[in-house]
Amino acid sequence: MFEIRYTPEAIEDLSKYDRRQRRRIMDQIDACLRHEPEQETRNNKVLRPNRLAERELRIDRFRVFYDIDEGRVVVKIEAIGHKRGNRIYVRGEEFQI
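Let me sum up the structure you'll find in this document. These numbers were taken from a predicted model, which means no experiment stands behind them.

### Observations regarding the environment of Lys-83
Next up, step 1: Among the structural elements, Lys-83 can be located in strand 5 (residues 74–84).
Next up, step 2: According to the relative accessible area criterion, Lys-83 is partly exposed, its value standing at 30%.
Next up, step 3: Lys-83 sits 32 residues away from Arg-51 along the chain, and the two C-alpha atoms are 18 Å apart.
Next up, step 4: In contact with Lys-83, not counting residues within four places along its chain, are Arg-61, Arg-63 and Ile-88.

Next up, the structure:
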């Protein structure tokens, strides 16, 4: 079982959403990343090299960017954003993947 850790930036990202959205995001992070975070699915994939994170978890319009430290059995949540149309926004700025 993997431990899930949030960076201070990811915690700040979460705070921008309402309580219901935060609960949904955190519940899905726990359900999808606690046991097999490296398992690729339709909503969980490896990203091309970028400055934010190695992987992305899709939760409806929300995007969770994270890295895995398999040696320490830790999933590190780097950022949480949302998709609007064909664009992804993280911390109020458009993010290119």
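### Section: the nonpolar core
Next up, step 1: One finds Ile-25, Ile-29, Leu-33, Val-64 and Ile-77 to be the most contacted residues of the largest nonpolar core, which totals 17 residues.
Next up, step 2: Per-element accounting of this core gives the leading share, 4 residues, to strand 4 (residues 62–69).
Next up, step 3: Those residues in contact with Leu-33, other than ones at most four positions away along the chain, are Phe-2, Ile-4, Gln-28, Asn-44, Leu-57, Tyr-66, Val-75 and Ile-77.
Next up, step 4: One finds Leu-52, Ala-79, Ile-88 and Phe-95 within the second-largest nonpolar core, a separate group that totals 8 residues.

### Brief notes about helix 1 (residues 8–15)
Next up, step 1: Among the residues of helix 1, those classed as buried are Ala-10, Asp-13 and Leu-14. The arc that holds every buried residue of helix 1, seen down its axis, measures 100°, which confines them to one face.
Next up, step 2: Contacts made by the buried residues of helix 1 are with strand 1 (3–6), helix 2 (19–33), strand 5 and strand 6 (87–90).

### Topic: the pattern of salt bridges
Next up, step 1: By the definition in use, this model includes 11 salt bridges.
Next up, step 2: For Arg-63, the salt bridge is made with Glu-56, and the minimal N-O distance between the two is 3.7 Å.
Next up, step 3: Overall, Arg-63 belongs to the buried group, its relative accessible area being 7%.

Cut-offs applied
- Residues numbered from 1 in each chain as written.
- Predicted model: local features only at pLDDT ≥ 70, side-chain atom pairs only at ≥ 80, totals over all residues.
- Heavy atoms only, no water.
- Helix = DSSP H or I, 4+ residues; strand = E, 2+ residues; numbered from the N terminus.
- Buried < 20%, exposed > 50% of the residue type's maximum accessible area, 1.4 Å probe, protein only.
- Contact = heavy atoms within 4.5 Å.
- Core = buried A, V, L, I, M, F, W, Y, C linked by side-chain atoms within 4.5 Å.
- Arc of directions from axis to C-beta.
- Salt bridge = Lys/Arg side-chain N within 4 Å of Asp/Glu carboxyl O.

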